[in-house]
Amino acid sequence: MKVLVVGGGGREHAICWTLKKSSKVTELYCAPGNGGIAEIATCVPIKATDIDAMADYAKENNFDLVFVAPDDPLALGLVDKLEEKGVRAFGPRANAAIIEASKAFSKSLMKKYNIPTAKYETFDNKDDALKYLETQPMPIVIKADGLALGKGVIIAQTLEDAKAAVISMMEDKAFGSAGNTVVIEECMVGPELTLLAFADGNIAVPMISSRDHKRAYDNDEGLNTGGMGAVTPGADLSDEDMASIQNKIVKPTIEALKAEGRPFKGVIYFGLMLTKEGAKVVEYNARFGDPETQAILPLLETDFMDIIDACIDGTLADIEIKWKKKCSTVVVMASGGYPASYAKGYEITGIDTCGKLVFQAGTALTEDGKLVTSGGRVLVVYDEGDTLDEAIDGAYEGVKKISFKDAHYRTDIGRTVGKFGKEYHA
Ligand code: AMP
Ligand code: GLY
């Protein structure tokens, strides 16, 4: 099969790497790709959000499958466009991808179908939002409705901060039109867990759980980022806990979307918080997570393309998805300054000799063939082991052998995960 992957981050590198192992994939392309992906796939310089050019390119070049990985092209309707042209595509259509693109939509879906989540109200009028805040306990969470690169969420400790957040989103347009509508919700407490699931429109089959580390610095300090590292499993949960998440959250969500005429095919991301009252949904995403994917996919034993085909054809119930019984860790190496401003163009050394699997994100090849930094999150180093500690130690061994100017990474990825099960009372 001739396959095109849309996107160009570390997640897409892991997706390409996993597709490359499939016996069914004979030709692999990625648009736009990055310096690491270029080693295993042909990179095509089309922006992921240029959905007309992407769909035309896929049609004209007779791709057998287009795998749409990032949120923006999904929300813009790239899958719909490909299907209109008769090109087979993996990912939800825009009317299902809305569970990520509109928090107001996803919150109302959860309310209607009794899916556990934080209590909330939605506002499209600033004064009403400010008045409502006066009546609420602090801390409180303010979210811009639309896509805001994971940055449109503010946890306000005081009424003053909460009001400032509403004004910056609704009046100053800090997140552009994403903040025309805001969701104000109760602040939940507990460890977070990522659960990704393959979905075929009718059912969803969870992958192994994982845990992201969103803050820039150790001990969960500093700004929110796209994610500074991930481990799997993401919590020490019993089979009973997982069954409860499946029955109260995963299954009802897929069934709700189907009932609403928005069948979800692709990968659905459940961002969960393990509260004292049980697991609750923090957010849905309509795609693989980054960097969770880089920690999860290397453990997949089943042919990835068999799963993709089953999602598209609605036959997930007929296949068995197998995982290596190992723990894994990825540590992100970022450009100093990320997620605020940072320099680019620094040479990266040590990837080939570090002895670990490395997925690249913000990297580019110069004309004379040097690998240089070109983004905030530059790469992740992966390792696996029989215990989480082994996987963590292995990933950090690799990190220490890779260098570029002003590299920044957290030193505590995964170190608190072992405690999770004990804190959680489902
Ligand atoms: P989101 O973009 O909705 O995933 O939010 C980003 C991060 O903000 C989450 O990963 C949580 O750490 C935090 N967060 C979002 N909503 C809540 C909430 N209701 N209570 C506590 N923390 C939250
Ligand atoms: N790692 C968080 C996300 O992909 O949204």
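Residues numbered from 1 in each chain as written. Chains lettered and ligands numbered in written order. Predicted model: local features only at pLDDT ≥ 70, side-chain atom pairs only at ≥ 80, totals over all residues. Heavy atoms only, no water.

Observations concerning the site of ligand 2
What counts, and what does not: In these notes, residues near a molecule or strand are those with any non-hydrogen atom within 4 Å of it. Pairing of N or O atoms within 3.5 Å defines a polar contact, subject to two protein rules: one partner must be a possible hydrogen donor and the other a possible acceptor, and residues neighboring in sequence count only if both atoms are side-chain atoms. Values of accessible area rely on a 1.4 Å probe in the Shrake-Rupley scheme; residue burial ignores everything except the protein chains shown. Residues are grouped as follows: nonpolar covers Ala, Val, Leu, Ile, Met, Phe, Trp, Tyr, Cys and Pro; charged covers Asp, Glu, Lys and Arg; every other residue, Gly included, is treated as polar.
The local shell around ligand 2 consists of Asp 212, Gly 226, Tyr 269, Asn 285, Arg 287, Gly 289, Asp 290, Pro 291 and Glu 292. Asp 290 is positioned with one of its backbone polar atoms (N or O) 2.9 Å from a nitrogen atom of ligand 2. In isolation ligand 2 exposes 200 Å². Once the protein is present, 90% of that is buried. A per-class count over the shell around ligand 2 returns 2 nonpolar, 3 polar and 4 charged.

Describing helix H5 (residues 94-101)
Note the threshold: Three labels apply to residues, based on accessible area from a 1.4 Å probe with only protein chains included: buried if under 20% of the type maximum, exposed if over 50%, partly exposed otherwise in between. Helix and strand definitions here come from DSSP, where helices need a minimum of 4 consecutive H or I residues and strands a minimum of 2 consecutive E residues; each element is numbered from the N-terminal end. Along the arc lie the directions from the helix axis toward the C-beta atoms.
Of all the positions in H5, only Ala 96, Ala 97, Ile 99 and Glu 100 are classed as buried. Along the axis of H5, the buried residues cluster in a sector spanning 120°; they form a single face.

Some points on the side chain of Thr 253
The condition that has to hold: In this analysis, two residues are considered to be in contact whenever any of their non-hydrogen atoms come within 4.5 Å of each other.
Mapped onto the elements, Thr 253 comes out in helix H9 (residues 239-259). Accessibility expressed as a relative area gives 0% for Thr 253, which makes it buried. The residues contacting Thr 253, other than those within four sequence positions of it, are Ile 115, Ile 268, Phe 270 and Tyr 284.

Things to note about the packing of H5 against helix H6 (residues 103-112)
The line we're drawing: Axes, fitted as lines to C-alpha atoms, cover a helix only where it is in contact. Angles between the N-to-C directions of the axes lie from 0 to 180 degrees. Working rule for angles: under 35 degrees goes down as roughly parallel, over 145 as roughly antiparallel, 65 to 115 as roughly perpendicular, anything else as oblique.
Interaxial distance between H5 and H6 falls to 6 Å at its minimum, and their mutual angle equals 95°. One element, H5, and the other, H6, form an angle in the roughly perpendicular class. Note on element contacts: H6 touches H5 through Lys 103, Phe 105, Ser 106 and Leu 109, opposite Ile 98, Ile 99 and Ala 101. Considered class by class, the residues forming the contact of H5 with H6 number 5 nonpolar, 1 polar and 1 charged.

A short note on the pairing of strand S1 (residues 2-7)
In plain terms, the rule: For two strands to count as paired, DSSP must find a minimum of two bridges between them. Whether a crossover is right-handed depends on one test, that the path from the first strand over the helix to the second runs clockwise when the strands point away from the viewer.
Here S1 lies mainly inside the structure; 6 of its 6 residues are buried. Every second residue of S1 is oriented toward a common face, with Lys 2, Leu 4 and Val 6 on one face and Val 3, Val 5 and Gly 7 on the other, all of them buried. Direction of pairing for S1 relative to strand S2 (residues 27-32): parallel, over a ladder of 6 bridges. Within S2, the residue paired with Gly 7 across the bridge is Pro 32. The parallel pair S1 and S2 is bridged by helix H1 (residues 10-20), and the resulting crossover is right-handed. Where S1 lies against strand S4 (residues 65-68), 4 bridges are found, and the strand directions are parallel. Residue Val 3 lies in a different strand from S4, and its bridge partner there is Leu 65.

Spatial relationships are all this shows, so hold off on functional conclusions.
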